[in-house]
Amino acid sequence: MSPRTPGADLPDHPDWLWRTPEPRRSYDVVIVGGGGHGLATAHYLAKNHGITNVAVLEKGWLAGGNMARNTTIIRSNYLWDESAGIYEHALKLWEGLEEELDYPILFSQRGVLNLAHSLQDVRDSVRRVEANRLNGVDAEWLDAQAVKEVCPIVNTSPDVRYPVLGGTYQPRAGIAKHDYVAWGFARSADAAGIDIIQNCEVTGLDVVGGRVVGVQTTLGPIAAGKVALCSAGHTSVLAAMAGIELPLQSHPLQALVSELLEPVHPTVVMSNAVHVYVSQAHKGELVMGAGIDAYNSYTQRGAFHIIEEQMSAALELFPVFARAHVLRTWGGIVDVSPDASPIVGLTPVDNLYLNCGWGTGGFKATPGVGWVYAHTIAHDTPHPLNAPFSLDRFTTGALVDEHGAAAVAH
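This is a predicted model, so every value here is computed, not measured.

### Considering the UniProt feature "domain: Rhodanese" (unreviewed entry) in the protein
Taking the UniProt record as the reference, the feature "domain: Rhodanese" (unreviewed entry) is found at residues 29-73. Secondary structure over residues 29-73 splits into 31% helix and 20% strand, and the C-alpha atoms at its two ends are 30 Å apart.

Pasting the structure below:
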């Protein structure tokens, strides 16, 4: 009897989930940026609007930017109606995304706790819970004892620098596997005939008579009926190629994971006062993030003191982690707008579209912004959910100020 081949009973898995085509000389739509938002936009252009003569251009490897450099938190408990609308739309799509893509994304609705440590925190948190409920978003206010019941390892002792007075809780929130999400969207877009082109950097935008007509790339010029910018921290650099100055600042945002641990952290915990957010990944690592580095930069790394402060904050909330070891750290480049809300819509250049300014909140919006951005591109007019996030709000004054309501980070 011949020896059994390891893995012989497992189904075959393709070496590649999408093609690696050479770019054609023209497309109806060129999406600049092959991260989660770009891939989701391509998916919904095909699925919702039947537009498949599309190229997604990625200067590096697919989903190697912020999509690979985040902490995968998904929630919709934002204060303002406009924010709650687009994030709740995204969350509802998350809830059916695995079936829609026919691909595992490990979406885990383990809930998100936003802790309150002062009387002002409590007032702001209760206000946000009531606003969430008015918008149909599941939200609860928990006292300190209830926080302990949801997450037993949180330190709720009154004898600490920032005692836990309670917190908001969104049970439907959670996490997903970020690379699986990207691969699922890429696989779906590719199956629809959309070209995903890696290692293709856009070096210029061709604008004639106030209308974009194509892009210059490291693989040659590509004509385009429409161009959709979708490249997070580098979007302002691209827009400047068309003469558009965006109100964005790009900062490094760092995160880290611990060594593998047994299941110990059942939910996601965020705290503004001590400035850290912590969850446990499917494999067992503790995933921790904090705030952005204060300086502007396009580097995918940050300052060590941010990591040090992040660890200090985590140990205040979770003394049980004192003996855990850091496995690795990383950084992304986030694009922050003046009101901490995104910019999604039209530009002064005809047929050139913007999706940027998500700060640290881009991952959770992935399917929702893909849906509305695809609508905006297909119809040359904003979807009702992204209409409030137009570029001209910075001149009209109709801001959507989520600075104080977004908890520790988007």
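### A few points about unusual backbone geometry
Generally, phi is negative for residues other than glycine and the peptide bonds are trans, each holding for most cases. One non-glycine residue, Leu-106, lies in the positive phi region at around 55°. In this structure, Leu-106 sits in the loop between helix 2 (81-101) and strand 4 (112-116). Its identity is not glycine, yet Asp-380 carries a phi of approximately 55°, on the positive side. Structurally, Asp-380 can be placed in the loop between helix 8 (366-379) and helix 9 (393-396). Under the relative-accessibility criterion, Asp-380 is labelled partly exposed at 37%.

### Let's talk about a nonpolar patch on the surface
Together, Val-237, Met-241 and Tyr-298 give the surface a local cluster of nonpolar side chains, amounting to about 240 Å² of exposed area. As for its placement among the helices and strands, Tyr-298 is situated in the loop between strand 15 (285-292) and helix 7 (304-317).

### What about the nonpolar core?
Counting residues in each nonpolar core, the largest one holds 49 residues, and the members touching the most others are Ile-31, Leu-39, Leu-62, Trp-94, Val-181 and Phe-185. Only strand 1 (26-32), helix 1 (36-49), strand 2 (54-57), helix 2, helix 5 (178-191) and helix 8 provide two or more residues apiece to this core. When residues of this core are assigned to their parent elements, the largest contribution, eight residues, is made by helix 2. The next biggest cluster of nonpolar side chains, apart from the first, holds 27 residues, and it includes Val-30, Cys-200, Val-202 and Ala-242.

### Re the pattern of salt bridges
Enumeration according to the criterion identifies 10 salt bridges in this entry. We note a salt bridge from Arg-172 to Asp-138, for which the minimum N-O separation is 2.8 Å. Taken as a pair, Arg-172 in the loop between strand 6 (166-170) and strand 7 (174-175) and Asp-138 in the loop between helix 3 (119-134) and strand 5 (140-143) lie far apart in primary sequence, 34 residues in all. What you see here is one network of salt bridges that share partners, running through Arg-19, Arg-24, Asp-190 and Asp-195.

### Digging into the pairing of strand 13 (residues 268-271)
Burial of the side chains of strand 13 extends over both faces: Val-268 and Met-270 are buried on one face and Val-269 and Ser-271 on the other. Pairing geometry for strand 4 and strand 13, over four bridges, is parallel. Each residue of the ladder has a partner; that of Leu-113, found in strand 13, is Val-269. For strand 13 and strand 14 (residues 276-280), the ladder comprises three bridges, and the chain directions are antiparallel.

### Considerations on the environment of Ile-51
Locating Ile-51 in the fold gives a position in the loop between helix 1 and strand 2. Spatially, the C-alpha atom of Ile-51 lies 47 Å from that of Val-122, the residues being 71 residues apart in sequence. Setting aside residues no more than four positions away along its own chain, Ile-51 makes contact with Val-29, Leu-45, Ala-46, Ile-194 and Ala-378.

Parameters at a glance
- Residues numbered from 1 in each chain as written.
- Predicted model: local features only at pLDDT ≥ 70, side-chain atom pairs only at ≥ 80, totals over all residues.
- Heavy atoms only, no water.
- UniProt positions renumbered as here; feature names shortened; annotations may be inferred.
- Helix = DSSP H or I, 4+ residues; strand = E, 2+ residues; numbered from the N terminus.
- Buried < 20%, exposed > 50% of the residue type's maximum accessible area, 1.4 Å probe, protein only.
- Patch = residues over 30% accessible without salt bridge, like charges linked within 9 Å, V, L, I, M, F, W, Y side chains within 5 Å.
- Areas by Shrake-Rupley, 256 points an atom, 1.4 Å probe, with all protein chains shown as cover.
- Salt bridge = Lys/Arg side-chain N within 4 Å of Asp/Glu carboxyl O.
- Core = buried A, V, L, I, M, F, W, Y, C linked by side-chain atoms within 4.5 Å.
- Pairing = 2+ DSSP bridges.
- Contact = heavy atoms within 4.5 Å.

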